[in-house]
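Examination of the molecular architecture
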Amino acid sequence: MTPTKRADSAPAAGTGHDGQAPDAGFAEYLATPEGPQFLNPDAVRSPGPEVPIRTVAADGRHGPVGIRIYGEPGAAGSPGLVWLHGGGFVSGSIDSPESDYLARVLAARGTPVLSVDYRLARNGVSFPVPHDDTLAGWFWARKNAGSLGLDPDLLCLGGAGAGGNLAVGAALYLVDAGKPLPAKLLLAYPFLDAELPAPAGGLDDEAMAGLPRHLRFTLEDCIRTAENYVGGPVSMAPSYAMPGYADPAGLPPAALLACEYDDARGSTEQFASALERAGVPVSYFLAEGAVHGHLNHTAGLPEGQAALEFLAGQLAAVRRP
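Owing to the predicted nature of the structure, the values given are computational and were not obtained by experimental measurement.

All told, the structure shown has five aromatic pairs when counted by the stated rule. Look at Phe89 and Phe191: their rings are 6.1 Å apart centre to centre, the planes differ by 80°, and that puts the pair in the edge-to-face class. Of this pair, Phe89 sits in the loop between strand S3 (80-84) and helix H2 (97-108) while Phe191 sits in the loop between strand S6 (185-188) and helix H5 (205-209), and the two are 102 residues apart along the sequence. Classification of Phe89 by relative accessible area gives buried; the value is 1%. Taking 5.9 Å as the distance between ring centres and 70° as the angle between the ring planes, the aromatic pair formed by Tyr173 and Tyr240 counts as edge-to-face. Placement of the pair is Tyr173 in helix H4 (residues 162-177) and Tyr240 in the loop between helix H6 (219-230) and strand S7 (254-261), with a sequence separation of 67 residues. The pair Tyr173 / Tyr240 is uniform in exposure class, with both members buried. Site record: aromatic cluster; members linked through ring pairs are Phe89, Phe127, Phe191 and Tyr229.

This paragraph deals with empty space enclosed by the protein. The full count for this structure, using the stated rule, is one cavity of 30 Å³ or more. Reported here for the largest cavity is a volume of approximately 40 Å³. Surrounding the largest cavity, Glu98, Tyr101, Leu102, Leu295, Thr298, Ala299, Gly300, Gly304 and Leu308 form its lining. At three residues, H2 tops the list of elements feeding residues into the lining of the largest cavity. Partitioning the lining of the largest cavity into residue classes produces five nonpolar, three polar and one charged.

Another aspect to go through is the pairing of strand S5 (residues 155-160). Burial of S5 is extensive: six of the six residues sit out of reach of the surface. Where S3 meets S5, five bridges bridge the pair, whose relative direction is parallel. For Leu84, the partnering residue across the bridge sits in S5 and is Gly159. As a crossover connection, the stretch from S5 through H4 into S6 is right-handed.

Along the chain, Phe127 connects to Pro128 via a cis peptide bond; the corresponding omega equals 15°. For Phe89, which is not glycine, the phi torsion reads 70° and is therefore positive. At Tyr189, a residue that is not glycine, the phi angle is positive and equals roughly 35°. Within the secondary structure layout, Tyr189 lies in the loop between S6 and H5.

With that out of the way, let us pick up the nonpolar core. Formed by 59 residues in total, the largest nonpolar core has its most connected members in Leu114, Trp140, Leu157, Tyr229, Met242 and Phe271. It is H4 that provides the largest number of residues to this core, a total of nine residues. Excluding residues that lie within four positions of it along the chain, Phe271 makes contacts with Val168, Leu187, Leu192, Pro248, Leu251 and Leu256.

What follows concerns the pairing of strand S1 (residues 53-58). Pairing geometry for S1 and strand S2 (residues 65-70), over six bridges, is antiparallel. Looking across to S2, one finds that Ala58 is bridged to Val65. Hairpin connection from S1 to S2: six residues lie between these consecutive antiparallel strands, with Gly63 at a positive phi of about 115°.

Glancing now at the sheet that holds S1. Consider a sheet: its strands pair through backbone hydrogen bonds, and that pairing is either parallel or antiparallel. A sheet is described by the order of its strands in space; here eight strands give the open sequence S1-S2-S4-S3-S5-S6-S7-S8, paired in mixed fashion. Of all the strands in the sheet, the pair left with one neighbour each is S1 and strand S8 (282-291). Direction aside, the axes of adjacent strands within the sheet are offset by 20° on average. Of the strand pairs in this sheet, S6 and S7 are connected by four bridges, and their pairing is parallel. Bridge pairing in S7 links Leu187 to Leu256. Here H4 sits on the sheet and contacts S3, S5 and S6; the angle it forms with S5, its principal contact strand, is near 140°.

What counts as what
Residues numbered from 1 in each chain as written. Predicted model: local features only at pLDDT ≥ 70, side-chain atom pairs only at ≥ 80, totals over all residues. Heavy atoms only, no water. Phe/Tyr/Trp six-rings, centres within 6.5 Å; stacked < 30°, edge-to-face > 60°. Helix = DSSP H or I, 4+ residues; strand = E, 2+ residues; numbered from the N terminus. Buried < 20%, exposed > 50% of the residue type's maximum accessible area, 1.4 Å probe, protein only. 1 Å grid on protein atoms, 1.4 Å probe; cavity = no way out; pocket = protein on both sides within 12 Å on 5 of 7 lines; lining within 4 Å. Points joined across faces, edges and corners; volume = space filled by probe spheres on them. Nonpolar A, V, L, I, M, F, W, Y, C, P; charged D, E, K, R; others polar. Pairing = 2+ DSSP bridges. Right-handed = clockwise from strand over helix to strand, strands pointing away. Core = buried A, V, L, I, M, F, W, Y, C linked by side-chain atoms within 4.5 Å. Contact = heavy atoms within 4.5 Å. Axes fitted to C-alpha atoms, helices over the stretch in contact; angles between N-to-C directions.

That is the geometry; function is a separate question.
As structure tokens, then:
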């Protein structure tokens, strides 16, 4: 990670609000490396499509980085997707339903998916390790696109939650380094800001109060999540770590998925507006009735179909100029 010309940084940490137990949401993520429980654990879910799967390892700054490849070699002129799972930087994996089910669905439709098994920010690991792992996965995908039947210039980069942060941070690095950019960013409720802006029109207080604690994001939760990832005060975070505070000029077109009942929706809205002001093409989809982690909670359920169709359609639209 060499380029450092983006000097933007996050503001200093603030204080608590809403009277909720500080850090409780983040603490639950820390306590469950596999990720929080489903919002609807008793729902009958359809299994993901059966697709060819293989695993490779990319050389990274901090050791090998696992990459799970879903799907047959792509057809000529078809896009591919490099994906980063969510989980607050401390939980989740490429086995998470959000990541695995999404990859299976897209691969079954003809878009190969490369899911990057980046190191979690646990046990002393912090930025830039997950960021560097993301770049290792991206560079491997570019280098080996031909053997996967893919055009490297049609590779897209995306992720959910913390994975969306990693995708944008990697794209900012690529801009600064003068490296080839993703054809498009696909971002599902990305965690981009340590201090969340209020969503346009506010949130339904009654509906939000009924959500499990781990699906709420108080200011304390966001600061602790960011500090754990950064490995220090948020005010010292470079824009590669907290990309919501960066100038997005030069980024590739982006598709943003937001959730109606999500404290982080304002962050997604703010990033979409910043991209538009910078002249970056943006497609925006609001999953009505959905909560943060929508792709995980609805994997294999009809309720998640609209969000998957949005992402699949955005990928299908990627073509050479």
